[in-house]
Amino acid sequence: MSNYHVKTLEEYFQVYRKSVRNPELFWEEIAEEHFVWRKKWNNVLSYDFTKPEVKWFEGAKLNITENCIDRHLQIRGDKTAILFEPNNPDEEAEHISYKELHKRVCKFANVLKENGIKKGDRVCVYLPMIPELAISVLACARIGAVHSVVFAGFSSTALSTRINDCEAKMVITSDGSYRGAKTIDLKGIVDEALESCECIDTVLVAKRIDSEINMKEGRDKWLQPLLDKASENCDPEIMDAEDPLFILYTSGSTGSPKGMLHTTAGYMIYTAYTFKNVFNYKENDVYWCTADIGWITGHSYIVYGPLANGATTVMFEGVPSYPDFGRFWEIVEKHKVNQFYTAPTAIRSLAKEKLDFVDQYDLSSLKVLGTVGEPINEEAWHWYNDNVGNKKSPIVDTWWQTETGGMMISPMPYITPTKPTYATLPLPGVQLALMDENGEEIKGNQVDGRLCVKYPWPSMARTIWGNHQRYKDTYFSAFENKYFTGDGALRDEVGYYRITGRVDDVIIVSGHNLGTAPIEDAINEHPAVAESAIVGFPHDVKGNALYGYVILKDVGESRNHDNLRKEINQIITEHIGPIAKLNKIQFTVGLPKTRSGKIMRRILRKIAHNELDNLGDVSTLLNPEVVQSIIDNRL
Ligand code: WT7
């Protein structure tokens, strides 16, 4: 039996027990057998959740790109590493072999060096889903620079906030991007962002849409001519196990985005291990994750996890609806995709269209289907299972977070019996706890509570960039000696977990993690707005949509409310991005508040959900009378 690849349910239980009894030994064996080290570790794990401090494989030396690329060259140098499928189906797909990837990453790494990037420097990557995105991330890792990818759907303000927070020296972007039938002026967004950033010395610009753009003298450089001149040889920088690999921002329930810092060895081992087991990847399989590399899903399961296993990983530039709603399935047929990993919101949007879009394609290559990002509802699960998987491909509902770096709860296909809406069992090495409101662990089955992890796992984020105190407060203060996820979960009679949703002020819209506070801050910038509160409400495609309650400064505000709504959404788009736009905006004279002045979002949430019979006791509010007026005017 190998720890690295679990093959039966019995083995899963054995491996799981071993991983709990002796986590250090468990991960050490995996690290020994399956990775390339320049020097082995002195100590597998040291940790203290009160600080909190976690170190895996201290003393070890390695480079993650050597594990993801170089070591495959001998045995699978000509195998496709990255299979790029362009936005336009008439444009040819690009098969980038491991050999070619090696060459392109080395060249790119040399361009970074020639432009002043050194080990430890931060590089902001703001690119569409084109090969340069994966290659630039790997090029940073090659030389020990810390990449911070910002999803290219974020606005200029969101981009500048992230650049300034990590004090990046360089931005890598493109002249623009394709999104279905549209093009987006990415370089224009970067230019706007950089008006408020002083730390950036260089902007490298990849050519994608061939548009006219401004190039700022001394700062902006076209990428291709630099690559053409660069050498194909670049020795990997030798990194310590705990050296930073990347920063990735995620929204919090309050304030600015949190730059989650991930480090090298533990992240590599864990993403590789979970990729292998959760997708049951076999040597000649073609694997496709539809996420964007701008999110953690893309980091861990388009780039690092698959490449560490020598896999063929598909990168798709486009959207599921272009040129029509059959695009995903067309690609599955075209490239004979074996593992397909997507988000519930994508499934729900495709399930609304005619079945013909699915049925006209041959999906028989599929062996495993996956979902991630939010709870999947029963209806979407069955649609996916029946129409895409033809009831033959197990669905792995994978629960995890930007903070966890890799999947934490998930079935293993053909091993763990699946159950719709359940992420099922913790993966080996993951020790969960459900906690009650008094901070006690809830033992036994058929219970629910707040989901925590009580022991370190290798790919956990080590800190929030520049704000360790916030890391401690957010994740390690709610429950003593435990990592708190922010999610609620239930454990059924056999021990399967089902995630019930966030228990904090984070709302998941179309699988994107949005904090209420930054959106409210943006709305409050509108000159006519006095105060606002955001809650989520169920939406049949997005999972949740946003409902905003807004108090205007001048109650008699004569302006047209529809125009105000547009302006508010415009401000949100500018500050955060279109994904955070509100579906409903209700103007109100007041918001329900506690006597200490805290907005009672619970009541607003119930009203937005149309659950009017159990609002609870409102008499203790500072202003109970506003509740009725909000109910009367609800949208
Ligand atoms: C939050 C993390 C993990 C990559 C994408 C999202 C929710 C994630 C599931 C799932 C139910 C899920 C949780 C979690 N979530 N996967 N399979 N079932 N909920 O990463 O943006 O950091 O969001 O997404 O609420 O805490 P993220």
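This text goes with the structure placed above it.
Below is a short write-up of the structure. This one's a predicted model, so the numbers in the text were calculated from it and none came from an experiment. (Residues numbered from 1 in each chain as written. Predicted model: local features only at pLDDT ≥ 70, side-chain atom pairs only at ≥ 80, totals over all residues. Heavy atoms only, no water.)

Notes on the sheet that holds strand β30 (residues 584-588)
One open sheet holds the three strands; their spatial order is β28-β29-β30, and the pairing between them is mixed. Two strands close off the open sheet at either side, each with one partner strand: β28 (529-539) and β30. Sheet twist, expressed as the average angle between the axes of neighbouring strands with direction ignored, equals 25°. Strand contacts of helix α19 (residues 601-608): β28 and β29 (543-552), with the helix running at about 50° to β28, the strand carrying the most contacts. (Pairing = 2+ DSSP bridges. Helix = DSSP H or I, 4+ residues; strand = E, 2+ residues; numbered from the N terminus. Axes fitted to C-alpha atoms, helices over the stretch in contact; angles between N-to-C directions. Contact = heavy atoms within 4.5 Å.)

Brief notes about the sheet that holds strand β6 (residues 122-125)
Taken together, the eight strands give an open sheet; going across it, the order is β12-β11-β8-β6-β7-β14-β15-β23, and neighbouring strands pair in mixed fashion. Bordering the open sheet on either side are β12 (220-222) and β23 (463-464), each of which pairs with just one other strand. Taken together, the four bridges between β6 and strand β7 (residues 146-149) define a ladder with parallel strand orientation. Bridge pairing in β7 places V123 opposite H147.

Structural notes on the pairing of β29
Counting buried residues in β29 gives nine out of 10 residues, a clear majority hidden from the surface. Bridge analysis of β28 against β29 gives 10 bridges, and the strand direction is antiparallel. The residue of β29 that forms the bridge with P538 is N544. The hairpin turn running from β28 into β29, its antiparallel successor, is three residues long. Relative to β30, β29 is paired through five bridges, and the arrangement is parallel. Among the inter-strand pairings, G548 is bridged to a residue of β30, identified as I585. (Buried < 20%, exposed > 50% of the residue type's maximum accessible area, 1.4 Å probe, protein only.)

Here we look at the pairing of strand β20 (residues 395-398)
Burial along β20 is two-sided: I395 and D397 and V396 and T398, pointing in opposite directions, are all buried. Bridge count for strand β19 (residues 368-372) against β20 is four bridges, and the pairing is parallel. In the strand pairing of β20, T371 is matched with D397. Note on the crossover from β19 through helix α15 (residues 378-388) to β20: the handedness is right-handed. (Right-handed = clockwise from strand over helix to strand, strands pointing away.)

Observations concerning the layout of surface pockets
Put simply, the second largest pocket is a space of about 370 Å³. When residues in the lining of the second largest pocket are grouped by element, the largest group, five residues, is from helix α1 (residues 9-21). (1 Å grid on protein atoms, 1.4 Å probe; cavity = no way out; pocket = protein on both sides within 12 Å on 5 of 7 lines; lining within 4 Å. Points joined across faces, edges and corners; volume = space filled by probe spheres on them.)

Brief notes about the site of the ligand
The local shell around the ligand holds 18 residues, among which D397, T398, T402, D487 and R502 are the closest. A distance of 3.3 Å separates a nitrogen atom of the ligand from a polar atom in the backbone of E374. Between the ligand and D487 there is a distance of 2.6 Å, counted from an oxygen atom to a side-chain nitrogen or oxygen. Surface burial for the ligand is 95%, taken as the share of its 560 Å² of free accessible area covered by protein chains. Counting only elements with at least two residues in the shell around the ligand, the list comes to α11 (296-308), β20 and β25 (497-502). (Near = heavy atom within 4 Å. Polar contact = N/O pair within 3.5 Å; in protein donor to acceptor, adjacent residues only side chain to side chain. Areas by Shrake-Rupley, 256 points an atom, 1.4 Å probe, with all protein chains shown as cover.)

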